[in-house]
Amino acid sequence: MHGFTVLGIETSCDETAAAIVRGPPPGPGEILSNVIHAQLDHEAYGGVVPEIAARAHVEMLDGVVERCLEKSGIGLDKIDAIAATAGPGLIGGVMVGLLTAKALALSTRKPLIAVNHLEAHALTARLTARVDFPFLLLLISGGHCQLMAVEGVGRYRLYGATIDDALGEAYDKTAKLLGLPYPGGPKIEVLAAQGRAKRFPFPRPMLGRAGADFSFSGLKTAVRQTVSELAVPVTDSDKADIAAGFQAAVLDVLRDRTRTAMQKFRTEFGNTNDECNFVVAGGVASNAAIRGALTDLANQEGFALHVPPAALCTDNGAMIAWAGVERLAAGLTESLDFAPRARWPLIDLRPLNEFAK
Ligand code: KG4
Ligand code: ZN
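Residues numbered from 1 in each chain as written. Chains lettered and ligands numbered in written order. Predicted model: local features only at pLDDT ≥ 70, side-chain atom pairs only at ≥ 80, totals over all residues. Heavy atoms only, no water.

1. Topic: the pattern of salt bridges
Here is step 1: Per the counting criterion, the structure on display carries 20 salt bridges.
Here is step 2: Two residues, aspartate 77 and lysine 78, come together in a salt bridge whose shortest N-O distance is 3.2 Å.
Here is step 3: Among the residues examined, aspartate 77 registers a relative accessible area of 56% and is labelled exposed.
Here is step 4: Here the salt bridges share partners, and the residues they tie into one network are Glu151, Arg155, Arg157, Lys264, Glu268 and Arg350. (Salt bridge = Lys/Arg side-chain N within 4 Å of Asp/Glu carboxyl O. Buried < 20%, exposed > 50% of the residue type's maximum accessible area, 1.4 Å probe, protein only.)

2. As for helix H10 (residues 317-329)
Here is step 1: Given a rise of 1.5 Å per residue, 13 residues ought to cover 18 Å, and the 18 Å separating the end C-alpha atoms of H10 matches this to within 8%.
Here is step 2: Most of H10 is tucked away: 12 of the 13 residues are buried.
Here is step 3: Taken together, the buried positions of H10 are Gly317, Ala318, Met319, Ile320, Ala321, Trp322, Ala323, Gly324, Val325, Glu326, Arg327 and Leu328.
Here is step 4: Measuring from the backbone nitrogen of alanine 318 back to the side-chain oxygen at the start of H10 gives 3.0 Å, which picks out asparagine 316 as the cap. (Helix = DSSP H or I, 4+ residues; strand = E, 2+ residues; numbered from the N terminus. Expected span 1.5 Å × (residues − 1). Polar contact = N/O pair within 3.5 Å; in protein donor to acceptor, adjacent residues only side chain to side chain.)

3. Observations regarding the nonpolar core
Here is step 1: If you look at the biggest cluster of nonpolar residues, it comprises 58 residues, and the most contacted ones within it are Leu7, Ile20, Val65, Leu137 and Tyr156.
Here is step 2: The element best represented in this core is H10, accounting for 8 residues.
Here is step 3: Taken domain by domain, the makeup of this core includes at least three residues from each of domain 1 (4-126 + 312-354) and domain 2 (133-310).
Here is step 4: The residues touching leucine 137, leaving out its near neighbours within four places in the chain, are Ala122, Gln146, Leu147, Met148, Val150, Val279 and Ala281.
Here is step 5: In this structure, Tyr171, Ala192, Leu254 and Cys276 belong to the second largest nonpolar core, which totals 50 residues. (Core = buried A, V, L, I, M, F, W, Y, C linked by side-chain atoms within 4.5 Å. Domains from an automatic or database assignment. Contact = heavy atoms within 4.5 Å.)

4. Description of the site of ligand 1
Here is step 1: Near ligand 1 there are 20 residues, and of these Gly142, Asp172, Glu189, Gly283 and Asp315 occur at the shortest range.
Here is step 2: In the environment of ligand 1, an oxygen atom lies 2.7 Å from a nitrogen or oxygen atom belonging to the backbone of glycine 142.
Here is step 3: Note that a nitrogen atom of ligand 1 is positioned 3.2 Å from one of the side-chain N or O atoms of serine 286.
Here is step 4: When ligand 1 is considered free in solution it has 550 Å² of accessible area, and contact with the protein chains removes 89% of it.
Here is step 5: Of the residues assigned to the shell around ligand 1, the class counts are 5 nonpolar, 12 polar and 3 charged.
Here is step 6: The residue makeup of the shell around ligand 1 includes at least three contributed by each of domain 1 (4-126 + 312-354) and domain 2 (133-310). (Near = heavy atom within 4 Å. Areas by Shrake-Rupley, 256 points an atom, 1.4 Å probe, with all protein chains shown as cover. Nonpolar A, V, L, I, M, F, W, Y, C, P; charged D, E, K, R; others polar.)

5. Looking at the packing of aromatic side chains
Here is step 1: Under the counting rule described, the total for this entry stands at 7 aromatic pairs.
Here is step 2: Judged by centre distance (5.6 Å) and plane angle (20°), the ring pair of phenylalanine 133 and phenylalanine 135 falls under stacked.
Here is step 3: For phenylalanine 135, a relative accessible area of 0% puts it in the buried group.
Here is step 4: Seen in terms of ring centroids, phenylalanine 200 and phenylalanine 202 are 6.0 Å apart; in terms of plane orientation they differ by 20°. Their pairing is stacked. Each of the two residues, phenylalanine 200 as well as phenylalanine 202, counts as buried.
Here is step 5: Following the ring pairs from residue to residue traces out a cluster consisting of Phe265, Phe269 and Phe303.
Here is step 6: If you follow arginine 341 out to its NZ or CZ, it ends over the ring of tryptophan 344, 4.8 Å from the centre. (Phe/Tyr/Trp six-rings, centres within 6.5 Å; stacked < 30°, edge-to-face > 60°. Lys NZ or Arg CZ within 6 Å of the ring centre and 35° of its normal.)

Structure representation (structure tokens):
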């Protein structure tokens, strides 16, 4: 039993990526090829420039898809469906990927699968390990920060989300304040490991509040304030201490908010003694300190933690192809007139007749 084979295309931000993945849900699946071209032109601008990103996707995508087919060792005729990110994301890039997928689907007469980028992050844990539904999901990326219950493909219940900045955004903005190039998340992680977390006691927004919402803009403002009060030039050890203080605050907030969500998940889905599943996904999930803190929390709360390997946490084609496998197995394909969406919350995927539940 090898399940479906799907080609997946990802172009929603600054990675031009394509992959071919095969397998039956609930996983694990097999990655036949996974090609990714990271656009580096954005570093100099301190963030992703949508127009530059879209043009680069136009230039790169054909070659990336071609290499992905070559490396997989199989032809287009062996592929069951073509999947692409149809949103949310930078609309120019999403249009390039979705249109390319439509052209491939049309010429090969294979079904088209319009993938929600967030759902692809959510389901990636099942590509590399068998993880059964339902599971609690912490999605932490450049554009999102949310806690949800995942009951199945397309079936999400929102527990909490950020009321301002996403977590990746908070990392990137902090990095920018320290003069580090985009994307700053990985650089902050490295610096934080060298710094003294206690020197700057930054605020822990939302700590102890009811519910599972997040807020990071106050933390960013505190970092800006601290940087502006330091003597110039800010030294490397100052930067490391700020990064360490920032990350310590992030860890406390993540632990607190996730614990609340775990308790809610257990009352809704678990028996008191059952081990529940907990998945962490999105680019920020590649952060080792965050993985460590959440491993400890999961152990305390009786949850089994599943985090995809770091390279599959940040944007890639394999996660889109795997979401395609999951959707194809559930019979969820789209017609060729599916429109790209800049905004597309996960809860909108839930079948309309289930909204009352
Ligand atoms: O999921 P992703 O690749 O793109 C989006 O869908 O947003 O996430 C990118 C975000 C960026 O904000 C980046 O700085 C952050 O993930 N990130 C990290 C780390 N690696 C990537 N943040 C903290 N620590 C890391 N090691
Ligand atoms: Zn992403």
